[in-house]
Every structure is written in C-alpha cells, then in structure tokens.
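# Examination of the molecular architecture
Residues per chain, in single letters:
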Amino acid sequence: MSVKEVPEDAQFQVELTAAGNKLVVVDFTASWCGPCRNIAPEFTRMSTTYPAAVFLKVDVDQCSQTAQANGVRAMPTFMFFRNKTKLDEMRGADPVALEDKIKQWLGDEVGEGDSKESSVPGYVDLNPFIMKQGSECLNQSDDHELTNIFTKGGVYLESDCDEQLIIHIAFNQPVKLHSLKLHGHPDEMDKAPKTVKVFINQPNSLDFDKAESYEPVQMLSLTKEDVTEDAIIPLKFVKYQNVQSATIFVRDNQGDEETTVIQYLGFIGNSLMKTNMGDFKRVAGKKGESH
C-alpha cells in the first residue's frame, strides 16, 4: 500500500472514515521542512512493509484546519488513528521510533493485509485499545498466561490453584462495551468458563473475596454454546457507556474441573473519543511558524 496525500481539509475525515478499523498513520508535513523531506522515503517504505495500516500525508499549509484541530505545532508530526480516534503521536524525523510506534499499534496485525473487523454491525473490535501492560490476571498458571488470550491461536490461559480467575483489563481510552467473546479451548470445553461476574471501573484491584461478595455490573451464566469459537456474548449496553477498565471474575467452569481454560478474550463496542470536524477553526498559518 502506498502513501495517500490528503489534498484538502474536508478529505481528512473522509479518509479516516474509509479506513474503518484499520490503523491510520498520518504524516503532518510541509514542503519547506528539511527533516520532513529526509524521512519521506522511510515513510513510503513503511507503507509497503505494513499493508495492514493506512498511510496518509497531510501538508499543514494545504490543510491548516486539520493541523490546527489536531494540535500540530512542529513538523514532522506523526499521529496514529483507529476508528477515527486518535491513539498516539510522535514528533521528529526518527524512522526507528516511528517504525516502533507502528509495530506497537498494529500489534498482531503486523504483516497482515487486513485489519480485524468486528462481526457485529456498527461496532468494532476493541482489543487494539487494550493496554496489555496495565492488565493482569490473578491465579494464572506460569505456563499459560493472560497474554495468550488476546489473539486467536493454539495458546491459552489456564488457572493455577483452582478453577477461579480474575482478569483485569485496562483500556487506553474510554470505550462503550456492546458484547464480549470468551472462548474455551475446543479440546477442553469442560474447562471453559461458566459463571462469570463482570465489573467495570473498579478504583482498586479486586481480590477473590471481594469479587465473590461485590455486586457486579452483570452476572453471566454461560453454556458451552456461549463459549465456542466465534460465539458472541451480549452485554447490557446501557450499563457500559464509559468504561476505562473491565474486571472479569470466572467463578467456575462448565464441567466442575480443577482448572479453567480460556483460549480467547475479545471486546466489541465503540470508542468514546471521536474526531469532531465541527470543532475545526479557520487558521491562517505562516511558513516557519511554531517549529
């Protein structure tokens, strides 16, 4: 995939919308900027190396409203969007740092030709918004840890001392949760989750006594059909309108087995943070200003 130039302000929002759930990498540049010219070939190379992302080039003089709305004060500035939501930014012509950011936000999509889309119309896969470093699991096996369940594959999460698990998930921005996927391992469905309590925005981490006694946002009684591959568990959407973190307490499993096994955990919904073109203000920028 090549770099696409955005010729005018109105086109920027069109390109973000067209990208859907794909990562969008935006180079805010200027024709008179030396560092911008230096990194341009590397930006073009990355657009072909990482076809799962969309690469846009925005000239700050041609698209001054877009630059102003996104707080661009120096060139080059690179910004990262998904679902029209700003995820991150970096300033400066450092190709190594830029490529690291792309890999970070692509995650498991590195090398793929298409981004993962939600199977629920009107909603998106929220797993790219999970802060893995801010997430944790209590009572996980040393050999089968939490990080295994954010992507689909043969690896899995397994409890350690008994069948219970507490999974705390932190998001990098507020989200609305519509549904979740909580899949067991196809060869060990008796170990798949059965009774699950869902909490949100807990000020402190829950231990097992608190998880057992506290009132959840929602209690789920799951069947084996609910935890098979690609099954979707609907949530009470009105109760999940501003979620910074979610805590899932797995109380027991389908077959009263000694340990619980989860092969995949996924969240479906929408981000609360959207780019609002109605907030743009006309700015008369000058070359050489604010950098």
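Refer to the structure printed above.
Let me begin by describing the structure that accompanies this report.

Criteria and cut-off values
- Residues numbered from 1 in each chain as written.
- Predicted model: local features only at pLDDT ≥ 70, side-chain atom pairs only at ≥ 80, totals over all residues.
- Heavy atoms only, no water.
- Axes fitted to C-alpha atoms, helices over the stretch in contact; angles between N-to-C directions.
- Helix = DSSP H or I, 4+ residues; strand = E, 2+ residues; numbered from the N terminus.
- Parallel < 35°, antiparallel > 145°, perpendicular 65-115°, else oblique.
- Left-handed = near helix turned anticlockwise from the far one by under 90°.
- Contact = heavy atoms within 4.5 Å.
- Nonpolar A, V, L, I, M, F, W, Y, C, P; charged D, E, K, R; others polar.
- Core = buried A, V, L, I, M, F, W, Y, C linked by side-chain atoms within 4.5 Å.
- Buried < 20%, exposed > 50% of the residue type's maximum accessible area, 1.4 Å probe, protein only.
- Disulfide = S-S within 2.5 Å.
- Phe/Tyr/Trp six-rings, centres within 6.5 Å; stacked < 30°, edge-to-face > 60°.
- Arc of directions from axis to C-beta.
- Patch = residues over 30% accessible without salt bridge, like charges linked within 9 Å, V, L, I, M, F, W, Y side chains within 5 Å.
- Areas by Shrake-Rupley, 256 points an atom, 1.4 Å probe, with all protein chains shown as cover.
- Salt bridge = Lys/Arg side-chain N within 4 Å of Asp/Glu carboxyl O.
- Lys, Arg positive; Asp, Glu negative; His and termini not counted.
- Charge placed at Lys NZ, Arg CZ, Asp CG, Glu CD.
- Polar contact = N/O pair within 3.5 Å; in protein donor to acceptor, adjacent residues only side chain to side chain.
- Pairing = 2+ DSSP bridges.

At their nearest, the axes of helix 2 (residues 34–49) and helix 4 (residues 95–106) sit 10 Å apart, and the two run at 25° to each other. As summarised for this structure, helix 2 and helix 4 are arranged roughly parallel, according to the angle between their axes. In this structure, helix 2 crosses over helix 4, and the sense of that crossing is right-handed. When helix 2 is examined against helix 4, the residues Ile39, Glu42, Phe43, Arg45 and Met46 are found in contact with a partner set consisting of Pro95, Leu98, Glu99 and Ile102. Tallied by class, residues from the contact of helix 2 with helix 4 come to 6 nonpolar, no polar and 3 charged.

Turning to the environment of phenylalanine 55, a few remarks are in order. Topologically, phenylalanine 55 is positioned in strand 3 (residues 54–59). In the structure, phenylalanine 55 is positioned 30 residues away from valine 25 in sequence and 4.9 Å away in space, judged by C-alpha atoms.

Turning our attention to the nonpolar core. Side chains of a nonpolar character, in soluble globular proteins, are inclined to be buried together. The biggest cluster of nonpolar side chains holds 52 residues, and the ones touching the most others in it are Phe80, Leu98, Ile102, Ile167, Phe171, Leu177 and Phe267. Counting residues per element, the ones that place at least two in this core are helix 2, strand 4 (77–82), strand 5 (85–91), helix 4, strand 9 (165–183), strand 10 (195–200), strand 13 (243–250) and strand 15 (264–271). Among the elements that take part in this core, strand 9 stands out by supplying 8 residues, more than any other. Among all residues touching phenylalanine 267, those that are not within four sequence positions of it are Val124, Asp125, Leu126, Asn127, Ile130, Ile169, Phe171, Leu177, Ser179, Leu180, Ala246 and Ile248. Residues Ala19, Val24, Val54 and Val72 belong to the second largest nonpolar core, which totals 20 residues.

Let us now look at the state of the cysteines. Taken as a whole, this structure holds 1 disulfide when the rule is applied. Covalent S-S linkage joins cysteine 33 and cysteine 36, the inter-sulfur distance amounting to 2.4 Å. Measuring handedness by torsion sign, the sulfur bridge of cysteine 33 and cysteine 36 sits at about 75° and is right-handed. Accessibility assignment for this pair places cysteine 33 and cysteine 36 in one class, buried.

In this section: the packing of aromatic side chains. Summed over the entire model, instances satisfying the criterion amount to 7 aromatic pairs. An angle of 50° between the planes, with centres 6.2 Å apart, marks the rings of phenylalanine 12 and phenylalanine 28 as tilted. Of the two residues, phenylalanine 12 sits in helix 1 (residues 9–19) while phenylalanine 28 sits in strand 2 (residues 24–29), which places them 16 residues apart along the sequence. Per residue, the accessibility class of phenylalanine 12 equals that of phenylalanine 28, and both read buried. Relative to phenylalanine 267, the ring of phenylalanine 171 has its centre 5.5 Å away and its plane inclined at 85°; by these criteria the two rings are edge-to-face. Residue phenylalanine 171 is found in strand 9, and its partner phenylalanine 267 is found in strand 15; the two are separated by 96 residues along the sequence. Phenylalanine 267 matches phenylalanine 171 in its accessibility class, with the two residues each being buried.

Of all the positions in helix 1, only Asp9, Phe12, Gln13, Glu15, Leu16 and Ala19 are classed as buried. Axial view of helix 1: buried residues confined to an arc of 160°, hence all on one face. In helix 1, the exposed residues that point more than 90 degrees away from the buried face are Ala10 and Ala18.

There is a patch of like negative charges on the surface, built from Asp142, Asp143, Glu145, Asp160 and Asp162. Relative to the helices and strands, aspartate 143 resides in the loop between strand 7 (136–138) and strand 8 (157–158). Aspartate 143 gets classed as exposed once you look at its relative accessible area, which sits at 65%.

By the secondary structure assignment, serine 141 is in the loop between strand 7 and strand 8. From its side chain, serine 141 meets the backbone nitrogen of aspartate 143 in a polar contact 3.1 Å long. Look past the residues within four positions of serine 141 in its chain and what remains in contact with it is Glu158, Ser159 and Asp160.

Next up on the list: the pairing of strand 9. Burial analysis of strand 9 places 16 of its 19 residues in the buried class, the great majority of the element. Pairing of strand 9 with strand 13 involves 7 bridges; the strand directions are antiparallel. Counted as the bridge partner of isoleucine 167 is isoleucine 248 from strand 13. Note that strand 9 and strand 15 share 8 bridges and pair antiparallel. In the strand pairing of strand 15, lysine 176 is matched with asparagine 270. Alignment of strand 9 against strand 12 (residues 233–234), held across 2 bridges, turns out to be antiparallel.

Keep in mind that these numbers describe shape and distance, not what the molecule does.
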